[in-house]
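Notes for the structure review
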Amino acid sequence: VESFILDQEDLDNPVLKTTSELFLSSAAEGTDLRTVDPETQARLEALLEAAGIGKLSTADGKAFADPEVLRRLTSSVSCALDEAAAALTRMRAENNHNAGQVDNRSLAEACSDGDVNAVRKLLDEGRSVNEHTEEGESLLCLACAAGYYELAQVLLAMHANVEDRGNKGDITPLMAAASGGYVDIVKLLLVHCADVNAQSST
């Protein structure tokens, strides 16, 4: 808004000279908006049209010499700032509301979502790192099959059984990672002494 309220001192500022001439001088003073490159003029016109102002210039080139145009432009900018401030306030309120909500997901659900922070929180609250999903899959196997490297790191750091085949007793986390082609997780499991010679039923 302040950019539209220019004192003589501002107008003498060489940095503002071109801009002030563009917006405030009349055609009689030799300034023609056609000297602005077409792309810039098109952008300015689109901006002003969105603000409710028809065109950047009138036929005689005096659009910005009109106090009513400046008043409307200043008002539009002011309204836009108010709307932006209101939107930010709403966003903060929503974030605070969401932050205050209780996460009722199970450890398996948090693992399925790849939500490392939620998994850490649940494990810190005493949940077992060797829990299984409803399908009988180990949490580590789930993380490895999905390619969740950071989640696999957290589970292993919390002493998850690197050979846990789940209730099905079929594949190990290493097999799941290898099957998915997740080389970084394969290396991680090998560092934690996963059995490279383990076999599944097939």
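Above this text you will find the structure in question.
About the cut-offs
Position labels on residues start from 1 in each chain and follow its written sequence. Given that the model is predicted, a residue must reach a pLDDT of at least 70 before its local features are reported, and side-chain atom pairs must reach 80 or more before they are shown or counted; all residues, however, enter totals for whole chains, interfaces and linings. Note: side-chain values were computed over all heavy atoms of the structure, leaving out hydrogens and water. Segments assigned H or I by DSSP are reported as helices when at least four residues long, segments assigned E as strands when at least two residues long, and all are numbered from the N terminus. In this scheme, a residue with accessible area under 20% of its type's maximum is buried, one over 50% is exposed, and one in between is partly exposed, where area comes from a 1.4 Å probe on protein chains only. In what follows, a contact means two residues having at least one pair of non-hydrogen atoms within 4.5 Å. The protein chains shown are the only cover counted for residues, whose accessible areas, like all others here, come from Shrake-Rupley with a 1.4 Å probe. Each salt bridge in this description consists of a side-chain nitrogen of Lys or Arg and a carboxyl oxygen of Asp or Glu lying within 4 Å of one another. The arc refers to the directions leading from the helix axis to the C-beta atoms. Only C-alpha atoms enter the line fits that serve as axes; for helices the fit covers just the stretch in contact. Angles between N-to-C directions range over 0 to 180 degrees. Small angles under 35 degrees read as roughly parallel and large ones over 145 as roughly antiparallel, with 65 to 115 read as roughly perpendicular and the rest as oblique. Polarity classes work like this: nonpolar for Ala, Val, Leu, Ile, Met, Phe, Trp, Tyr, Cys and Pro, charged for Asp, Glu, Lys and Arg, and polar for all others, with Gly in that last group. Put simply, buried Ala, Val, Leu, Ile, Met, Phe, Trp, Tyr and Cys residues joined by side-chain atoms within 4.5 Å make one nonpolar core.

1. Concerning the overall build of the protein chain
Helix and strand counts for the protein chain come out as 10 helices and zero strands. Within the protein chain, the proportion of its 202 residues that are buried is 28%. Excluding contacts between residues fewer than 6 apart, the proportion of contacts in the protein chain whose partners are at least 24 apart in sequence is 55%. Accessible surface for the protein chain amounts to roughly 13000 Å². Of this, 52% is attributable to carbon and sulfur atoms.

2. Details of the pattern of salt bridges
When the charged atoms of two side chains lie near each other, side chains of opposite charge can form a pair. Considering all chains together, one arrives at five salt bridges under this definition. With its nearest N and O atoms 2.9 Å apart, the salt bridge here joins R105 to D113. Residue R105 is classed as partly exposed on the basis of its relative accessible area, which comes to 23%. A residue is classified by how much of its surface remains accessible, and D113, at 49% relative accessible area, is partly exposed. In this structure, K121 engages E125 in a salt bridge whose closest nitrogen and oxygen atoms are separated by 2.7 Å. Each member of the pair, K121 as well as E125, is classed as exposed. Residues participating in the shared-partner salt-bridge network are R105, D113 and D115.

3. Brief notes about the side chain of T133
Along the chain, T133 turns up in the loop between helix 6 (116-124) and helix 7 (139-146). Each residue touching T133, except ones within four places of it in the same chain, is listed here: A108, L139 and L142.

4. So, helix 10 (residues 183-191)
Those residues of helix 10 lying buried are I185, V186, L188 and L189. Along helix 10, the residues classed as buried sweep out an arc of 160 degrees about the axis, all on the same side. For helix 10, exposure combined with an orientation more than 90 degrees from the buried face picks out K187 and V191. Tucked into the core, helix 10 has its buried residues touching helix 7, helix 8 (149-157) and helix 9 (173-180).

5. Topic: the packing of helix 8 against helix 10
Contact geometry for helix 8 and helix 10: axes closest at 10 Å, N-to-C directions at 10 degrees. By the angle between their directions, the pair helix 8 and helix 10 is classed as roughly parallel. Contacts between helix 8 and helix 10 involve Y149, A152, Q153 and L156 on the former and, on the latter, D184, I185, L188 and L189. Across the contact of helix 8 with helix 10, the residue classes tally to six nonpolar, one polar and one charged.

6. Considering the nonpolar core
Of all hydrophobic cores here, the largest spans 31 residues; its most connected members are V119, L123, L140, C144, L151, L155 and L189. Where this core is concerned, the elements lending two or more residues are helix 5 (107-112), helix 6, helix 7, helix 8, helix 9 and helix 10. Residue contributions to this core peak at six residues, all from helix 7. With sequence-adjacent residues up to four places away left out, V119 is seen in contact with L107, A110, C111, L151, V154 and L155.

7. Quick look at the packing of helix 7 against helix 9
Interaxial distance between helix 7 and helix 9 falls to 7 Å at its minimum, and their mutual angle equals 10 degrees. In terms of axis orientation, helix 7 runs roughly parallel to helix 9. When helix 7 is examined against helix 9, the residues L140, C141, C144 and A145 are found in contact with a partner set consisting of P173, A176 and A177. Tallied by class, residues from the contact of helix 7 with helix 9 come to seven nonpolar, no polar and no charged.

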